[in-house]
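Residue strings, one per chain:
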Amino acid sequence: MVSDSITVGWAGFKRGFWRGQPMSIGILFYGLAFGLLSREAGIWLAEAMAMSAAIYSGTAQIAAASALTGTGIDGGGSAGIAAVAAAIVLLNARYLLYSASMWPWLSKTSPAFAYPTLAVLGDGNWVLSMAAYNDGERDAGFVLGSGVASFGPWLLGTFAGATMGGLLADPKALGVDFLLVAFSAAMAIGTVRKAKRVPYANLIVAAIVALVVDRFAPGGWTIVAAGLAGGLVAALTHKPDTTQGAA
Amino acid sequence: MFRPEFLPVLAAMAAASLFCRVGGYMLMRFIPITPRVEAALKGTPLAVMVGIVLPVAMKGNIPELIALAAVALAMRFARDEMVAALIGVFVVAIGRWLIV
């Protein structure tokens, strides 16, 4: 189970793309929100599209857009540019964790496949892909397919938001911001149910760390801290004969 | 259309994002995949999910709490995470509409 051979195929891509569809609805609205905001921040359409393609992170782009509102589109010189870049690294620190855990999925694929796949990795498709791996999926096309499923709507949403503006309903009223939370809750329940032994220590430590960090540094840091703590606990409580249930 | 002075900003932002997306993966090149490391990688998603859900639950807003309960209930019957998540979104949207 640990080192099954990884393949890359269309079948996996299609499975991932299909599984990623419901999540893509939420991403579309998130893209709309950024597109709207970018217009208000004085960012031009092509610039907003380039940001969405190159950064592909809602929180980081919204932070960058508001920073650029203050400094002007040139970032106000090299110090301002460095500050925007640093903010993106901090807001996206969870991707360091995500990409590290992608190693079993991607290390046996070619770099020409692995790096573009990492470039379109998002929260939802990462969760989907890790769960799929635990369920025995070994076609890495799944990761790319579920990533592309959200990347397209993200660009489309950015375009629509930046061009059409406020024609659309408030995404929050539609509950779109809740999709990742609801999905994570469902996946957590599913993961615990499938585990051979319920990883109580992992759950409890992650919960405590999440609560503490959320008080002092909410947002992405809660995810990073909880993920690191849970991973550490999983490593420490690991027993050689029960690898498969340790999810 | 692009303003030329935006290009350095864009390049810096793209590099910062790429660093996070690729950095962890490249780091794993230097870490031997022992069963313990494997267990850590496998245990991380569940902890991340806790980190995503718990702060929202702890805010104590009624629509979100009812929706999370609906997700748990849906998982008992539907057995499909995406179906359960969409039910949760539906419930939260109705909850926000009823409770302003």
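Going by the structure above, here's the rest.
These lines cover the structure that appears in this document, whether it is placed above or below. Just so it is clear, the structure is predicted and the values come from calculations on it, not from any experiment. (Residues numbered from 1 in each chain as written. Chains lettered and ligands numbered in written order. Predicted model: local features only at pLDDT ≥ 70, side-chain atom pairs only at ≥ 80, totals over all residues.)

## Some words on helix α3 (residues 62-77) of chain B
An α-helix turns once every 3.6 residues. As a result, residues three or four positions apart point the same way.
Stage number 1. Counted at 1.5 Å a residue, the expected span for α3(B) with its 16 residues is 22 Å, and the 23 Å between its end C-alpha atoms agrees.
Stage number 2. Those residues of α3(B) that are buried are in contact with α11 (179-194) of chain A together with α2 (35-58) and α4 (81-98) of chain B.
Stage number 3. Arg79(B), located one to two residues past α3(B), shows a positive phi value of around 65 degrees. (Helix = DSSP H or I, 4+ residues; strand = E, 2+ residues; numbered from the N terminus. Expected span 1.5 Å × (residues − 1). Contact = placed C-beta atoms within 7 Å.)

## Side note on the interface of chain A and chain B
Stage number 1. Across the boundary between the two partners, chain A contributes 84 residues, which contact 63 residues of chain B.
Stage number 2. Looking at the side of chain A that touches chain B element by element, the count peaks at 13 residues for α11(A).
Stage number 3. A class-by-class count of the residues in the side of chain A that touches chain B yields 64 nonpolar, 17 polar and 3 charged. (Nonpolar A, V, L, I, M, F, W, Y, C, P; charged D, E, K, R; others polar.)

## A few points about the nonpolar core
Stage number 1. Membership of the largest hydrophobic core comes to 115 residues, with the highest contact counts inside it found for Ala182(A), Ala226(A), Met13(B), Val50(B), Val71(B) and Ala85(B).
Stage number 2. Top contributing element to this core by residue count: α2(B), with 12 residues.
Stage number 3. Excluding anything up to four places from it in sequence, Val50(B) contacts Ala188(A), Leu203(A), Ala206(A), Ala207(A), Ala210(A), Ala226(A) and Gly230(A). (Core = buried A, V, L, I, M, F, W, Y, C linked by C-beta atoms within 7 Å. Buried ≥ 20, exposed ≤ 12 C-beta atoms within 10 Å, placed from the backbone.)

## Digging into the packing of helix α2 (residues 21-40) of chain A against helix α10 (residues 141-164) of chain A
All names here are of chain A.
Stage number 1. The geometry of α2 relative to α10 is characterised by a closest axis approach of 6 Å and an angle of 30 degrees between their N-to-C directions. Between α2 and α10, the interaxial angle falls into the category roughly parallel. In this structure, α2 crosses over α10, and the sense of that crossing is right-handed.
Stage number 2. The residue inventory of the contact of α2 with α10, partitioned by class, reads 17 nonpolar, 9 polar and 1 charged. (Axes fitted to C-alpha atoms, helices over the stretch in contact; angles between N-to-C directions. Parallel < 35°, antiparallel > 145°, perpendicular 65-115°, else oblique. Left-handed = near helix turned anticlockwise from the far one by under 90°.)

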